[in-house]
Every structure is written in structure tokens, then in C-alpha cells.
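Coordinate inspection notes
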Amino acid sequence: MTLLGTDDRDPLSIAEAWLAEGRAVALATVVETWGSAPRPVGSHLVVDGEGRFEGSVSGGCVEGAVVGEAAEVLAEGKPRLLEFGVADETAWRVGLSCGGRIRIYVERVG
Amino acid sequence: MDRSTLERLNAVRRDRKAAILVTDLASGAERLVAEESAMSDPLALELSARFRSGRSGLLAEPGQGEVFLTVHLPPPRLVMIGAVHISQALAPMARIAGFDITIIDPRTAFATEERFPDARPLAEWPQDALETAPLDGFTALAALTHDPKIDDMPLAAALAAGCFYVGALGSRKTHAKRVDRLRGMGVSEEDVARIRAPIGLAIGAQSPAEIAVSILAETISALRQRGTAA
């Protein structure tokens, strides 16, 4: 859901700007969460061909792995569904009970 | 996602229109459904519910794979006509509830930074202020001055723009006179009937802050039922 005020670091606007610069662009979207998940369904992360990224799908927990998968999605061109458990340490740090899981869809844009 | 889909989606969002991106997670096939064309989509019922709730989520289609619906609603806006006591309470409450707020009052003694430290009220006539920030379907308007010179024009403009909520402060007698004036301005009976007056849910509100709660509750109710009353 995009309901709250306009965000300068809006991933979809950044994705369009990056495409205009000729960069390869992948988009990751949180499609399902179980238990305590740090970022809500619909949250986006945008990644370019060199692994630079903006946005968030887990508040920092699985971004590194998603960026790695995005590189493969960009190479193959086929979308992927990823599933992660959220590490207890991270869950504790953001004030969650622990043990949340998230599913993330990664696709090429363009 | 196709580049053209992304560009169309961003254009819709810039225009403060609602849209849902429907993505088949197995194939990557996608389609962008604008709110006005949702009823002709195969997922019409599901989509119309989500245009109201604003919630993105998965949908398991029988016999098919999973479909993800990314719901994009513009941020709701609340325009208050009148930098009055009720607005002083309503502004912070509405902001907490997730609304972008605009306060307009041409009376410079009312629309001061001192009275509204966080709201930057516009000390302009509504017809001038609304030229730079036009009303739309994701905007609510509350007319709070009681003064026809200030309230009438934005009320008519809000009805014409399809604001999801249009409320006006004042007694039944005051409102009856207002209805006559709006008819005189050429506002249709149907539109006049959309004005919530007396403004706010009937919770027995007494103080300005309580009235603000009743207005905000009625606004949220209207936001979540958009399109179902019509």
C-alpha cells in the first residue's frame, strides 16, 4: 500500500530514473509475510546491475541476499520467488517477538 | 515488469490516481488496472475491495498460479476551510491518522503560524489556494468557517471534483440556507445531498477537539467506503 506522504526515495520512481540512465534494473517486492515481519507486504527494493540498491524489503535483514539473487535474475531474465526466515537477532532488535518469515518476488524491469 | 508498465504506473501515481498492478508470479505476466476500469477486469470484485482497503496481497487463483496485487492509492488529503479552533485540533489528529493536510483561511488573523505551528496554513482565498493544489477523489474537504463568502466556493469545487468526503459545519438551519445558495450556484441536487451536515459522526461531541474526532472518524469511514455508496 502506498498511502503515506510522498517519499523522495520512492523505489518505483528510482527504478524509472535508473532505466532512463541505461542501467539494468531489478525490482524486489514483499509478497507474503508470516508472523512478525519488519516490512509490510508490497514493500519494494530496487537493485541495479552493479548491486546498488534503494528501498527495503526487511529493514536490513535479508537485503544482501536479495541483491545477490537480483544479479542472477538480471542475468537470466526470469523472475524468482525467495523465502527467508527473519533472524531472531534482527527480530529482537526491531522489537518483534522473533521468527517471522517473508516471501519476496524478484523480477527484471525493462 | 515492462518498462512501459512502470512508466504508466508512475504517471498514474503522480496524477494522484489509484491503480493496481496484477502480477502472475509464475510467468511474470502483468497488467496495470486503473480504478475507473476495474469493473471490466476478470478480478473486478477482488480489485474493488482492494481499492477501498488499500492492501496489497496474494491471490490464489483456482487452477492457476499465484497472483500478486500491488495496490497503489494516493496519499489521502484533508483540506480544512477555516483556520478555526476545530482545525487546530483536527490538523494534528488527521496527520497522525495518515492524511496530508491543508488549511486555508483568507483571514490573516486566523491563519497564523503561531496558531498552527506545524500546519503552515494558507492565508489566501480558497479559489486562489485551490488553484495550486486542486481537489481530487482522494481529497476530503471540511468547510469550518460558517461564512458563506469563504465556505461556499470550496464546497461547490469539492463536489465538482468528486472529493470522497465533503462536510460542512453549521446547524440544520444554517445548512438549509447553504443548500439554497449552492443550488443557486448551479450545484445539482445529487451533489448537494453528498454534503455531510451537520458535520461529523453523531457521537455527542461537545468541545472543538471532540468535534474534530467526529469529523476525522467520518472522513476515515468515507475513505474506506469510497465508491460503494454510489
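For clarity, every value in this text was computed on a predicted model and none was experimentally measured.

**Notes on the sheet that holds strand E3 (residues 53-55) of chain A**
Residues and elements named next belong to chain A.
- Strand order in this open sheet of five strands is E3-E2-E1-E5-E4, and the pairing throughout is antiparallel. Because the sheet does not close on itself, it has two edges, and the strands there are E3 and strand E4 (80-85). With strand direction ignored, the average angle separating the axes of adjacent strands in the sheet is 25°.
- Summarising the sheet, strand E1 (residues 25-34) and strand E2 (residues 44-48) pair through five bridges and their orientation is antiparallel. Note on E2: the bridge partner recorded for Ala-28 is Leu-45.
- The strands touched by helix H1 (residues 11-20) within the sheet are E1, E2, E3 and strand E5 (101-109), with E2 carrying the most contacts at an inclination of about 15°.

**Some thoughts on the interface of chain B and chain A**
- Across the contact, 32 residues belong to chain B and 28 residues belong to chain A.
- Buried surface at the junction of chain B and chain A, summed over both partners, amounts to about 2,200 Å²; 58% is from carbon and sulfur atoms.
- Its largest share of buried area at the contact with chain A, chain B owes to Met-1, Arg-3 and Leu-25 of chain B, together 25% of the area lost on that side.
- Remark: the boundary between chain B and chain A carries two salt bridges.
- Its salt-bridge partner being Glu-66 of chain B, residue Arg-103 of chain A comes within 2.6 Å of it at the nearest N-O pair.
- Joining chain B to chain A, the criterion identifies seven residue pairs in polar contact (both at pLDDT 80 or more).
- Of all the secondary-structure elements, those providing two or more residues to the side of chain B that touches chain A are helix H1 (3-14), strand E1 (19-24), strand E3 (57-60) and strand E4 (66-72) of chain B.
- Per element, the largest residue contribution to the side of chain B that touches chain A is seven residues, and it comes from H1 of chain B.
- In terms of residue class, the side of chain B that touches chain A is built from eleven nonpolar, eleven polar and ten charged.

**Looking at the packing of helix H5 (residues 148-161) of chain B against helix H6 (residues 172-184) of chain B**
All names here are of chain B.
- As a packed pair, H5 and H6 sit with axes 11 Å apart at the nearest point and diverge in direction by 60°. By the angle class used here, H5 and H6 are oblique. Crossing handedness for the pair H5 and H6: right-handed. Contact residues: Pro-148, Asp-151, Asp-152, Leu-155 and Ala-156 in H5; Arg-178, Arg-181 and Leu-182 in H6.
- Here the contact of H5 with H6 is built from residues that sort into four nonpolar, no polar and four charged.

**Quick word on the sheet that holds E1 of chain B**
All names here are of chain B.
- Spatially, the four strands line up as an open sheet ordered E2-E1-E4-E3, and their pairing is antiparallel. Single-partner strands in this sheet number two, and they are strand E2 (30-34) and E3. Each adjacent strand pair in this sheet contributes to an overall mean axis angle of 25°, direction not counted.
- Bridge analysis of E3 against E4 gives four bridges, and the strand direction is antiparallel. Its bridge partner lying in E4, Leu-58 is registered against Phe-68.
- Across the face of the sheet, H1 comes into contact with E1, E2 and E4 while running at roughly 20° to E2.

**What to know about the confidence of the model for chain A**
Residue and element names in this part refer to chain A.
- This prediction gives chain A a mean pLDDT of 83; 80% of its residues lie at or above 70.
- For residues 1-6, every residue scores under 50 in pLDDT, and the model assigns this stretch 21 contacts once sequence neighbours within four places are set aside.
- pLDDT under 50 marks residues 91-97. Its contacts with residues more than four places away, or in other chains, come to eight contacts.

**Section: helix H2 (residues 44-53) of chain B**
Residue and element names in this part refer to chain B.
- Restricting attention to buried positions, one finds in H2 the residues Ala-44, Leu-47, Ser-48, Arg-50 and Phe-51. Looking down the long axis of H2, one finds its buried residues gathered within 165° of arc, a one-sided arrangement.
- A positive phi of about 80° marks Gly-54, the residue just after H2.

**Quick word on the nonpolar core**
Residue and element names in this part refer to chain B.
- If you look at the biggest cluster of nonpolar residues, it comprises 28 residues, and the most contacted ones within it are Leu-78, Met-80, Ile-86, Phe-99, Ile-101, Leu-144 and Ile-215.
- Those elements giving two or more residues to this core turn out to be strand E5 (77-81), helix H3 (85-96), strand E6 (100-104), strand E7 (139-143) and helix H8 (208-224).
- Looking at this core, the element that brings in the most residues is H8, giving six residues.
- With residues near it in sequence (within four places) discarded, Leu-144 still touches Met-80, Ile-81, Val-84, Ile-86, Ser-87, Asp-151, Leu-169, Ile-199 and Ile-215.
- Listed in part, the 21 residues of the second largest apolar core include Ala-156, Leu-159, Val-166 and Val-179.

**Description of the packing of aromatic side chains**
- Following the criterion strictly, the structure yields zero aromatic pairs over all chains and no others.
- For Arg-101 of chain A, the ring lying beneath its charged end belongs to Trp-34 of chain A, and the centroid distance is 4.4 Å.
- The ring of Phe-110 of chain B has Arg-107 of chain B lying over it, and the distance from NZ or CZ to the ring centre is 3.8 Å.

Definitions and cut-offs
Residues numbered from 1 in each chain as written. Chains lettered and ligands numbered in written order. Predicted model: local features only at pLDDT ≥ 70, side-chain atom pairs only at ≥ 80, totals over all residues. Heavy atoms only, no water. Pairing = 2+ DSSP bridges. Helix = DSSP H or I, 4+ residues; strand = E, 2+ residues; numbered from the N terminus. Axes fitted to C-alpha atoms, helices over the stretch in contact; angles between N-to-C directions. Contact = heavy atoms within 4.5 Å. Buried area = accessible area lost by both parts, 1.4 Å probe. Salt bridge = Lys/Arg side-chain N within 4 Å of Asp/Glu carboxyl O. Polar contact = N/O pair within 3.5 Å; in protein donor to acceptor, adjacent residues only side chain to side chain. Nonpolar A, V, L, I, M, F, W, Y, C, P; charged D, E, K, R; others polar. Parallel < 35°, antiparallel > 145°, perpendicular 65-115°, else oblique. Left-handed = near helix turned anticlockwise from the far one by under 90°. pLDDT = per-residue confidence, 0-100. Buried < 20%, exposed > 50% of the residue type's maximum accessible area, 1.4 Å probe, protein only. Arc of directions from axis to C-beta. Core = buried A, V, L, I, M, F, W, Y, C linked by side-chain atoms within 4.5 Å. Phe/Tyr/Trp six-rings, centres within 6.5 Å; stacked < 30°, edge-to-face > 60°. Lys NZ or Arg CZ within 6 Å of the ring centre and 35° of its normal.

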